Amino acid sequence: MDKYTPVLPELLAPAGDFESLRAAVDFGADAVYLGAERFGMRSSPKNFDRDTLALGVRYAHRRGVRVYLTCNILMHNGDLDALPDFFRQAQQCGVDALILTDLAALELARRTVPEMEIHISTQEGVTNSLAASVLVGMGAKRIVLARELPIEEIRQIAAALPGGAEVECFVHGSMCVSFSGRCLLSSYFTGRDANRGDCAQPCRWKYALMESTREGEYLPVEEDGEGTYILSSRDLCMIEHIPELVESGISSLKIEGRAKASYYTAVVTNAYRCALDAYRQAPSPDFRTPRWIVEELEKVSHRTYCTGYYFDSPLIRAQIHDHPGYIRGWQVAAVVERCEEGRCFVTQRNRFFDGEELEILPHGRPPFSITVHRLQDGEGNAVECAPHPMMEASFDCDFSVEPGAIVRRRNG
């Protein structure tokens, strides 16, 4: 009997800037999603202007990676006149698909760039097969489903879509306290509109009660000694559920994190790429993600992990965060530029020392430990420390790793 070879879903990684795009592409993404200077739901990252967008698309396409551009804020009348030029510019830069929420944006995209692929953002909050099919009938190729759906309903929606249409689902990263990101807290507290890409994340703040006649006297509401986090969600992580994801009919597995650093993008993309490839080699309902891959996701900044609502309804498990802040056990020390003649040449990101034990994460392989010996600066001078961001440095290394590999150090 021929060996069963599963059709793997696309692995879709975030890119908040060009460095993150390179990390996503180099560490195994099949596609990246990014934002321009307008109309995206993440205004805090650097994002992409026309030149860097074109550069990023060229970099990705040369390596067989697709690029999707977000245009998923809730549109007001004053936004509409600029949309046709925005869509034409995206097409000229070679963008493969537009990620849209507003029906006006969908209509204008169909008129302006009718041949461009359209994906419906999770901001639309699609939770049933009829809504998904209607949007496909309006011109969408892919529906990014609401994060609040269990995997069985995802399977049903994927199976019900017209031929060629796809579903995409988030599998890793931050989750929002509000349904499909439709939150008003940021606007209420700060005037920054979360539905137009400018969320101040007030769900992450610490809160206390104050009785109306006792102004200034705060009453603690505590889940533990650090306070309460009833508005703050855990982080999603589906790395140990690859068989269920592959067999569900999901066409694209999406990693959240356009506001995260390139180190996060590199590590998380690499983990899911390696997990999917390992499953391809040994497909089985009993497949277990190799332990080193699971442990990789503990080496990025994150909140307590959970499986979101894939297996638990929001009414049963609210996935409220129960830890006072992010878990940050590791940080990037440098990025490899090249290895030659027994030396590893790097560009520094955070300070590290001669004699220090570090870890190198290559593309598509487990990390390995090294001890820094004979640390030198960019001019070949012996130094005890690499203290300056973006400084060139090198050290002895018997292993050859590709440019872009990550050098990291344990915190503390």
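Shown above is the structure to which this text applies.
Structural notes, computed from the coordinates.

About the criteria used
- Residues numbered from 1 in each chain as written.
- Predicted model: local features only at pLDDT ≥ 70, side-chain atom pairs only at ≥ 80, totals over all residues.
- Heavy atoms only, no water.
- Phe/Tyr/Trp six-rings, centres within 6.5 Å; stacked < 30°, edge-to-face > 60°.
- Buried < 20%, exposed > 50% of the residue type's maximum accessible area, 1.4 Å probe, protein only.
- Lys NZ or Arg CZ within 6 Å of the ring centre and 35° of its normal.
- Helix = DSSP H or I, 4+ residues; strand = E, 2+ residues; numbered from the N terminus.
- Arc of directions from axis to C-beta.
- Contact = heavy atoms within 4.5 Å.
- Polar contact = N/O pair within 3.5 Å; in protein donor to acceptor, adjacent residues only side chain to side chain.
- Pairing = 2+ DSSP bridges.
- Axes fitted to C-alpha atoms, helices over the stretch in contact; angles between N-to-C directions.
- Core = buried A, V, L, I, M, F, W, Y, C linked by side-chain atoms within 4.5 Å.
- Parallel < 35°, antiparallel > 145°, perpendicular 65-115°, else oblique.
- Left-handed = near helix turned anticlockwise from the far one by under 90°.
- Nonpolar A, V, L, I, M, F, W, Y, C, P; charged D, E, K, R; others polar.

Before going further, it helps to spend a moment on the packing of aromatic side chains. Under the defined criterion, the tally for this structure stands at six aromatic pairs. Pairing F86 with F87 gives two aromatic rings, centres 6.0 Å apart and planes at 70°, and the pair type is edge-to-face. Residue F86 is classed as buried on the basis of its relative accessible area, which comes to 11%. Assessed through its relative accessible area of 0%, F87 is described here as buried. Seen from their ring centres, Y279 and F287 are 5.3 Å apart, and the 85° between their planes marks the pair as edge-to-face. Looking at Y279, the relative accessible area reads 2%, which means it is buried. Its relative accessible area of 9% is what places F287 among the buried residues. The cationic tip of K260 hangs over the ring face of Y264; the distance from NZ or CZ to the ring centre is 4.1 Å.

Taken together, the buried positions of helix 7 (residues 151–160) are I151, I154, I157 and A158. End-on view of helix 7: buried residues confined to an arc of 115°, all on one side of the axis. Lining the buried residues of helix 7 we find helix 6 (129–137), strand 7 (166–174) and helix 9 (242–246).

Positive phi outside glycine occurs at E341, with the angle close to 50°. Relative to the helices and strands, E341 resides in the loop between strand 13 (330–340) and strand 14 (343–348). A positive phi is found at R374, a non-glycine position, where the angle reads about 55°. Tracing the sequence through the fold places R374 in the loop between strand 17 (368–371) and strand 18 (376–377).

By secondary structure assignment, the location of R155 is in helix 7. Residue classification places R155 among the partly exposed positions, given a relative accessible area of 30%. Along the primary structure R155 and E247 are separated by 92 residues, whereas in three dimensions their C-alpha atoms are 8.5 Å apart. Aside from chain neighbours lying at most four places away, what touches R155 is E247 and S248. Among the polar contacts listed, one links the side chain of R155 to the side chain of E152, at a separation of 3.2 Å.

So, about the sheet that holds strand 14. The seven strands are arranged 17-16-21-13-14-20-18 in an open sheet whose pairing can be described as antiparallel. Two strands in the sheet have a free side with no partner beyond their single neighbour: strand 17 and strand 18. Across the sheet, helix 10 (residues 262–281) lies against strand 13, strand 16 (357–361) and strand 21 (406–410), angled at about 100° from strand 21, the strand it touches most.

Let us look at helix 4 (residues 83–93). When we look at burial in helix 4, the residues that qualify are L83, P84, F86, F87, A90 and C93. Here the buried face of helix 4 lies against helix 2 (50–62), strand 3 (66–71), helix 3 (77–80), strand 4 (97–100) and helix 5 (103–112).

One can find R273 in helix 10. Given the relative accessible area of 11%, R273 is considered buried. A polar side-chain atom of R273 sits 3.0 Å from the main-chain carbonyl oxygen of G28. If sequence neighbours within four positions are ignored, R273 has contacts with L8, L11, F27, G28, D30 and R280.

Time to look at the nonpolar core. Within the largest apolar cluster, 102 residues are counted, with the highest numbers of intra-cluster contacts made by F87, Y272 and Y310. Ranked by the residues each element gives to this core, the list is headed by helix 10, at eleven residues. Contact partners of Y272, with chain neighbours within four places excluded, come to L11, V171, H172, C237, M238, I239, I255 and L297. Core analysis: the next-biggest nonpolar cluster, separate from the first, contains 20 residues, A334, F368, M391 and A405 among them.

Bringing the packing of helix 1 (residues 18–26) against helix 10 into the picture now. Packed helix pairs are specified by the crossing angle of their axes together with the interaxial distance, meaning the distance between the axes. Relative to each other, helix 1 and helix 10 sit at 15°, their axes nearing to 8 Å. The pairing of helix 1 with helix 10 is recorded here as roughly parallel in orientation. Seen from above, helix 1 lies across helix 10 with right-handed handedness. Residues E19, S20, A23 and A24 of helix 1 form the contact with helix 10, whose own contacting residues are S262, T265, A266 and T269. Counted by class, the contact of helix 1 with helix 10 contains three nonpolar, four polar and one charged residues.

Nothing here speaks to function; it is all geometry.
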